[in-house]
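Chain residues, written in single-letter form:
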Amino acid sequence: MACFDVLKEDYLRFPEEDSSKVWQPDLFFPEAKEVDPGSGTYINEEYFRVRYDGSVMWVRRLAMTNLCTFDFSQLPFDTQNCSLSIECFGESIKTTYVMWDVPSVMGFDKIQGNEWNSFAVTEYEGIKEYSTGTFSYAGFTFSMTREAHSYLQSALQPATAFVLISYSGYWIDAKAAPARIALAVISVLISVSSLSS
């Protein structure tokens, strides 16, 4: 049984139990460490629609833990990239081709945070050759640039002040012990104050 509202929708919407009767692509996520096909918190975890032009849209909600390798060698002036791709597992490009539809990945430009900025997305697609055949894939890479100001203010400036004050004790006469002790205590107080604020 299909249901649709002629005035509002340009597609036929089928109940969730009918989705098992429709062919579904055999897909996997190479970068995923864990994939949960449904948390049970949403009523419609899966649905499919048939548009009037004959195209079929199948949607399935997934919760995923993804593996991203970060490079901290340029910290705090670093840009990190994380990729997520979808590949066909059992069907070669003779039967199934994975590609982006329009619109595809959206919403990253609206992300705001105090540590990261300049979120960007790059989409890609192509084919891979394996010993078992040729398979298609599609994916996206999102990049984010660290906001260096907060890191400089919370970490580098206090560390620099600590080192400079500590080394200034070498210019104080060795016989003036109270002055050297006061300098050491001031250095510790600066560090504690910056950590607690």
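All figures in this text were calculated on a predicted structure; none of them were measured in a lab.

**Student:** Report on the sheet that holds strand E2 (residues 27–28), specifying residues and quantitative values.
**Tutor:** Strands belonging to one sheet form pairs held by backbone hydrogen bonds; the direction of such a pair is parallel or antiparallel. Here four strands make up an open sheet; going across it, the order is E2-E7-E9-E8 and the pairing antiparallel. Because the sheet does not close on itself, it has two edges, and the strands there are E2 and strand E8 (116–130). Sheet topology places E2 next to strand E7 (residues 79–88); two bridges connect them, and they run antiparallel. Within E7, the residue paired with Phe28 across the bridge is Glu87.

**Student:** Any chance you could break down the state of the cysteines for me, citing the residues and the numbers?
**Tutor:** For the coordinates displayed, the defined rule picks out one disulfide. The disulfide bridge from Cys68 ends at Cys82, spanning 1.4 Å between sulfur atoms. Here Cys68 is found in the loop between strand E6 (63–66) and E7, whereas its partner Cys82 is found in strand E7, with 14 residues between them in sequence. When its relative accessible area of 5% is taken as the criterion, Cys82 is described as buried.

Cut-offs and rules
Residues numbered from 1 in each chain as written. Predicted model: local features only at pLDDT ≥ 70, side-chain atom pairs only at ≥ 80, totals over all residues. Heavy atoms only, no water. Pairing = 2+ DSSP bridges. Helix = DSSP H or I, 4+ residues; strand = E, 2+ residues; numbered from the N terminus. Disulfide = S-S within 2.5 Å. Buried < 20%, exposed > 50% of the residue type's maximum accessible area, 1.4 Å probe, protein only.

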